[in-house]
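What follows is each chain in one-letter form.
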Number of protein chains: 2
Amino acid sequence: MKTAAILIIGNEILSGRTRDANLQLLAKALAARGVRLLETRVVADRFEAIVAGVNALRASYDYVFTTGGIGPTHDDITTECVAAAFGRRVAEDPEAVRRLIEYYGANAVNEARLRMARVVAGASLIDNPVSAAPGFRIENVFVLPGVPRILEAMLDDVISALPQGAPIASMSVTVWLRESEIATGLSNIQDAHPTVDIGSYPFAREERLGTSLVVRGTAPEAVADAVNAITDMLRAAEAEFTLDTPV
Amino acid sequence: MKTAAILIIGNEILSGRTRDANLQLLAKALAARGVRLLETRVVADRFEAIVAGVNALRASYDYVFTTGGIGPTHDDITTECVAAAFGRRVAEDPEAVRRLIEYYGANAVNEARLRMARVVAGASLIDNPVSAAPGFRIENVFVLPGVPRILEAMLDDVISALPQGAPIASMSVTVWLRESEIATGLSNIQDAHPTVDIGSYPFAREERLGTSLVVRGTAPEAVADAVNAITDMLRAAEAEFTLDTPV
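All figures in this text were calculated on a predicted structure; none of them were measured in a lab. (Residues numbered from 1 in each chain as written. Chains lettered and ligands numbered in written order. Predicted model: local features only at pLDDT ≥ 70, side-chain atom pairs only at ≥ 80, totals over all residues.)

S.K.: What is the right way to read the overall build of chain A from this model?
M.R.: When helices and strands are tallied, chain A shows nine helices and twelve strands. Principal axes of the C-alpha set define a box for chain A whose edges measure 70 × 35 × 35 Å. The burial tally for chain A puts 50% of its 247 residues in the buried class. Contacts in chain A between residues at least 24 apart in sequence constitute 68% of all its contacts with a sequence separation of at least 6. (Helix = DSSP H or I, 4+ residues; strand = E, 2+ residues; numbered from the N terminus. Buried ≥ 20, exposed ≤ 12 C-beta atoms within 10 Å, placed from the backbone. Contact = placed C-beta atoms within 7 Å.)

As structure tokens, then:
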């Protein structure tokens, strides 16, 4: 199974001004492709932090996705940082220039807009159907924009470039008990079903406390077996629960 | 100025099932306390990943905040991981036991619930006014729960333990122009105001494209000067804009 990491370049996330939406967008798309997202880092818009993040993650995971910092303004430094991480130079890409001219018109492609045609030398472009300025891929690193609406529109192109892995089968059970009321039984079920991961997530909804139990694994029948063991336990405890559709 | 990092322990975040809410909660609280959040990592519920994350971040930043993985179930392994990171053992804390007994009643404190009284040896407790099970602090690492409602209730206790730093002054301007229409002027303003950080964030709202310009710095008058330069530029361009209240 292929592994992945995300590097979010985002002062505005770390300052608390903006709540990140890109992690979940990418996470869902990767899960559907059978790629296992194992880490995400959010770093400030600082040269050293971005370079270090790119290099640490690209050495540890099969794929790395960066989001943010590829626009036309002075604070968009991701392309320079990825180039430095790879020891390569930044180059204006002729096809990217062509796309920007087509989108803005030849007279409106100013210096700032041409900044968005600069990629790491040797990179391949990632199509942007919303606002023309492309992302790019260099080796195992995919450089993507930070605006969620644009990122989302580019994801098809990105994800289809990855080989399809075995999707993770997943089922969940919502039960109106506290985690601590089912923890021991759940631990026994996990021990008896070592090929799946059972996650337990407490929640409060309408002033009631409950727990979501999520079972994941590559073998759907093993997931179903573990879910059956959980529902048997809950029935024996006369607990109120719902078996959710696969998530 | 003190620096901070967050370590989110969260399979459910990386799988895309849940959208993280804790980063923004902590980020806002830290910003208000004058602490600079410089990095956040989201790692899977794996022993090695959590230990490595704790050790990397506690060596690099003044404070580290972990969220998630301190409940009563088998997948709650954060306490063991933090202990391993510090080379310490895990110990049942008598005061934590007392709080759990007070909350659940002596007869209902089962083995699973007692798991929530286990902390890294030598840690100090962090009060949980919602559901009794405490967090804890060991040196510069604060170990906190993953449920946002409970985390939020515990934040006062956590944040008040930190010395008050100089808050970051911040103002923002929303303009109905694309980034690429103001990039050059904005870059000149950033160069002329080196003591502040000017961030530029494009957005789409009601089918219109605009840009949020956020100016941050420790000196409020320097922030105001840069904002004045920006609004002068926008007036000269006859652009539609609003000066937002401080964020």
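S.K.: What's the story with the domain arrangement of chain A in this structure? I'm lost.
M.R.: Where interface size is given, it is often the accessible area lost as the parts come together that is meant. Looking at the assigned domains, one finds that chain A contains domain 1 (3-159) and domain 2 (169-244). Using C-alpha coordinates to define each centre, domain 1 of chain A is positioned 38 Å away from domain 2 of chain A. (Domains from an automatic or database assignment.)

S.K.: For this particular structure, what's the right way to read the sheet that holds strand E6 (residues 124-126) of chain A?
M.R.: Pairing between the strands of a sheet comes from backbone hydrogen bonds, and it takes one of two forms, parallel or antiparallel. The twelve strands are arranged E6(A)-E7(A)-E8(A)-E3(A)-E1(A)-E2(A)-E2(B)-E1(B)-E3(B)-E8(B)-E7(B)-E6(B) in an open sheet whose pairing can be described as mixed. Edge positions in the open sheet fall to E6 of chain A together with strand E6 (124-126) of chain B, since each of these has one partner strand only. The average undirected angle you get between the axes of adjacent strands in this sheet is 20°. Pairing analysis gives three bridges linking E6 of chain A to strand E7 (residues 135-138) of chain A, with the strands arranged antiparallel. Bridged to Ile126 of chain A within E7 of chain A is Gly135 of chain A. (Pairing = 2+ DSSP bridges. Axes fitted to C-alpha atoms, helices over the stretch in contact; angles between N-to-C directions.)

S.K.: Which parts of the structure should I look at to understand the relation of the copies chain A and chain B?
M.R.: The operation relating the pair of chain copies consists of a rotation about an axis and a translation along that axis. Expressed as a screw operation, the relation of chain A to chain B combines 0.0 Å of axial shift with a rotation of 180°, fitting to an RMSD of 0.0 Å. Classification of the inter-copy transformation places it as that of a two-fold axis. Relative to the rotation axis, the closest C-alpha in chain A is found at Arg41 of chain A, a distance of 2.2 Å. When you check the interface residues of chain A against chain B, 100% turn up at the interface there too, and the contact is symmetric in its surfaces. (Least-squares fit on C-alpha atoms with pLDDT ≥ 70 in both.)

S.K.: What's the story with the interface of chain A and chain B in this structure? I'm lost.
M.R.: Listed by partner, the interface residues are 49 residues for chain A and 49 residues for chain B. Listed by contribution, the elements that provide at least two residues to the side of chain A that touches chain B are helix H1 (11-14), helix H2 (22-32), strand E2 (36-43), helix H6 (111-115), helix H8 (179-192) and strand E10 (197-205) of chain A. Residues belonging to the side of chain A that touches chain B are distributed by class as follows: 22 nonpolar, 15 polar and twelve charged. (Nonpolar A, V, L, I, M, F, W, Y, C, P; charged D, E, K, R; others polar.)

S.K.: Teacher, can you tell me more about the nonpolar core here?
M.R.: Soluble globular proteins: nonpolar side chains tend toward being buried together. Val64 of chain A together with Val64 of chain B are the most contacted members of the largest nonpolar core, which totals 102 residues. If one sorts the elements of this core by residue count, H2 of chain A sits on top with seven residues. In contact with Val64 of chain A, other than residues within four places in its own chain, are Ala5, Leu7, Val54, Leu57, Arg58, Asn140, Val141 and Phe142 of chain A. (Core = buried A, V, L, I, M, F, W, Y, C linked by C-beta atoms within 7 Å.)

S.K.: What's the story with the packing of helix H3 (residues 47-60) of chain B against helix H4 (residues 78-86) of chain B in this structure? I'm lost.
M.R.: Axes are the key here: two packed helices are described by the angle between their axes and the distance separating the axes. All names here are of chain B. The N-to-C vectors of H3 and H4 enclose an angle of 50°; their axes lie 9 Å apart at closest approach. Considering their axes alone, H3 and H4 lie oblique with respect to each other. Crossing of H3 against H4: the hand is right-handed. On H4, the residues touching Phe47, Ile50, Val51, Val54 and Asn55 of H3 are Thr78, Cys81, Val82, Ala84 and Ala85. Across the contact of H3 with H4, the residue classes break down as eight nonpolar, two polar and no charged. (Parallel < 35°, antiparallel > 145°, perpendicular 65-115°, else oblique. Left-handed = near helix turned anticlockwise from the far one by under 90°.)

S.K.: For this particular structure, what's the right way to read the sheet that holds strand E9 (residues 169-175) of chain A?
M.R.: All names here are of chain A. One open sheet holds the four strands; their spatial order is E10-E11-E9-E12, and the pairing between them is antiparallel. Pairing within the sheet leaves two strands with one partner each, and these edge strands are E10 and strand E12 (241-244). Strand-to-strand twist across the sheet, computed as the mean angle between neighbouring axes with direction ignored, equals 20°. Together, E9, E10 and strand E11 (208-217) form the strand contacts of H8, whose direction differs from that of E10 by roughly 170°.

S.K.: I'm lost on the packing of H2 of chain A against helix H7 (residues 148-159) of chain A in this one. Help?
M.R.: All names here are of chain A. Where H2 contacts H7, the two axes come as close as 10 Å, and the packing angle between them is 20°. What the angle tells us is that H2 and H7 run roughly parallel. Considering the relative orientation of H2 and H7, their crossing is right-handed. Contacts between H2 and H7 involve Asn22, Leu25 and Ala29 from the first element and Pro148, Leu151, Glu152, Leu155 and Ile159 from the second. A per-class count over the contact of H2 with H7 returns six nonpolar, one polar and one charged.

S.K.: Help me understand the confidence of the model for chain A, please; the structure alone is not making it clear to me.
M.R.: Note that predicted coordinates carrying low pLDDT should not be read in detail. Across chain A, the average pLDDT comes to 95, with 99% of residues at 70 or higher. Here the prediction assigns the complex a pTM of 0.96, and the interface score ipTM is 0.95. (pLDDT = per-residue confidence, 0-100.)

S.K.: Where do I start with the pairing of strand E10 (residues 197-205) of chain B in this structure?
M.R.: Remember that side chains alternate between the two faces of the sheet whenever the strand is regular. Judged from the nine bridges that link them, E10 of chain B and strand E11 (residues 208-217) of chain B form a sheet pairing that is antiparallel. Along E11 of chain B, the bridge assignment pairs Arg205 of chain B with Arg208 of chain B.

S.K.: Could you clarify how one ought to interpret the environment of Asp127 of chain B in this entry?
M.R.: Residues and elements named next belong to chain B. When you line up the elements, Asp127 lands in the loop between E6 and strand E7 (135-138). Residues Asp127 and Asp157, spaced 30 residues apart in sequence, show a C-alpha to C-alpha distance of 6.8 Å. If we skip the residues at most four places from it in the chain, Asp127 touches Pro134, Met154 and Asp157.

S.K.: Just to check I follow, could you spell out helix H3 (residues 47-60) of chain A for this structure?
M.R.: Since the α-helix advances by 3.6 residues per turn, residues separated by three or four positions end up pointing in the same direction. Residues and elements named next belong to chain A. With 14 residues, H3 extends 20 Å between its outermost C-alpha atoms, agreeing within 8% with the 20 Å of an ideal straight helix rising 1.5 Å per residue. Among the residues of H3, Ile50, Gly53, Val54, Leu57 and Arg58 are the ones counted as buried. Here the buried residues of H3 occupy an arc of 110° about the axis, which is enough to place them on one side. The exposed set on the far side of H3, more than 90 degrees from its buried face, consists of Glu48, Ala59 and Ser60. Tucked into the core, H3 has its buried residues touching strand E1 (3-9), E2, strand E3 (63-67), helix H4 (78-86) and strand E8 (141-144). (Expected span 1.5 Å × (residues − 1). Arc of directions from axis to C-beta.)

S.K.: Just to check I follow, could you spell out the environment of Ala192 of chain B for this structure?
M.R.: Tracing the backbone shows Ala192 of chain B in helix H8 (residues 179-192). When the 10 C-beta atoms within 10 Å are taken as the criterion, Ala192 of chain B is described as exposed.

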